[in-house]
Amino acid sequence: MNDEPQQTYTAREIVLELFPATPERLIPGPSGYAVTGLDDGAREVRDADGDVVARLLPLTSSGAADTTICCDLCGWSGARRHLTLLRSEVAGSGGRRWRYLTACRDADSCEARRLDDVSLERLLDLTG
């Protein structure tokens with residue numbers, strides 16, 4: 001029996017090795033955050049140390065269920081019924097300011113498709 005741990009590879013390493021002609025914008029970047037879906041529909045954004053840096057709370061959706069909208073996290077687009085509206089309190093605002101984003105209802109698939117941290121960095125920006 002082999003007790004040595006199996007070598008693992010990042011999505012970026014796999015794409016660069018197996019698909020070297022992939023356009024740069026489609027190559028997954030190094031990620032400093034992870035987004036985890038919770039049972040109540042909320043999401044937690046964790047930094048590289050595993051600390052929760054934001055909690056995204058779900059809001060009631062309104063509008064036509066078949067309207068096509070885009071996920072702010074992974075860029076996937078689909079009918080409104082497959083996406084959800086989330087909000088996060090701006091740090092230091094005492095609940096007076098919020099940032100909003102649209103995300104896939106399937107949090108695990110959304111996280112797997114997310115190529116970079118740009119939308120999360122915008123969400124977490126304290127200058128805004």
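Overview of the structure. Remember, predicted model here, so these are calculated numbers, not experimental data. (Residues numbered from 1 in each chain as written. Predicted model: local features only at pLDDT ≥ 70, side-chain atom pairs only at ≥ 80, totals over all residues. Heavy atoms only, no water.)

## Describing the overall build of the protein
Helices and strands together make up the secondary structure of the protein, namely 3 helices and 7 strands. Of the regular secondary structure in the protein, the N- to C-terminal order runs α-β-β-β-β-β-β-β-α-α. Referenced to the eigenvectors of the C-alpha coordinate spread, the extents of the protein come out at roughly 55 × 35 × 35 Å. With 128 residues in all, the protein has 27% of them scored as buried. A separation threshold of at least 6 residues defines the contact pool for the protein, and within that pool the share at least 24 residues apart is 42%. Here the protein has roughly 8700 Å² of accessible surface; of this, 50% comes from carbon and sulfur atoms. On the protein, the mean spot of the 15 positive side-chain charges and the mean spot of the 21 negative ones are 11 Å from each other. (Helix = DSSP H or I, 4+ residues; strand = E, 2+ residues; numbered from the N terminus. Buried < 20%, exposed > 50% of the residue type's maximum accessible area, 1.4 Å probe, protein only. Contact = heavy atoms within 4.5 Å. Areas by Shrake-Rupley, 256 points an atom, 1.4 Å probe, with all protein chains shown as cover. Lys, Arg positive; Asp, Glu negative; His and termini not counted. Charge placed at Lys NZ, Arg CZ, Asp CG, Glu CD.)

## A look at the packing of aromatic side chains
The full count for this structure, using the stated rule, is 0 aromatic pairs. The lysine or arginine in question, Arg-87, covers the ring of Trp-98, its NZ or CZ lying 3.8 Å from the ring centre. (Phe/Tyr/Trp six-rings, centres within 6.5 Å; stacked < 30°, edge-to-face > 60°. Lys NZ or Arg CZ within 6 Å of the ring centre and 35° of its normal.)

## Topic: the side chain of Arg-114
Assignment of secondary structure puts Arg-114 in the loop between α2 (107–113) and α3 (118–124). For Arg-114, a relative accessible area of 9% gives the class buried. When neighbours within four sequence positions are excluded, Arg-114 is seen to be in contact with Ser-31, Tyr-33, Ala-34, Val-35, Leu-73, Cys-74 and Leu-120.

## A few points about a nonpolar patch on the surface
A cluster of nonpolar side chains, namely Tyr-9, Ile-14, Leu-18 and Phe-19, defines an oily patch on the protein surface of about 460 Å² accessible area. Along the polypeptide, Leu-18 turns up in helix α1 (residues 11–18). (Patch = residues over 30% accessible without salt bridge, like charges linked within 9 Å, V, L, I, M, F, W, Y side chains within 5 Å. Salt bridge = Lys/Arg side-chain N within 4 Å of Asp/Glu carboxyl O.)

## Considering the pattern of salt bridges
Tallied over the full model, the rule gives 6 salt bridges. Linking Asp-66 and Arg-81 is a salt bridge whose minimum nitrogen-to-oxygen distance equals 2.2 Å. With Asp-66 in the loop between β3 (52–59) and β4 (68–70) and Arg-81 in the loop between β5 (77–79) and β6 (83–89), the pair connects residues that are 15 residues apart, well separated along the chain. The class of Arg-81 is partly exposed, set by a relative accessible area of 45%. Each of the salt bridges in this network shares a partner with another, and the network as a whole consists of Asp-40, Glu-44, Arg-46 and Arg-55.

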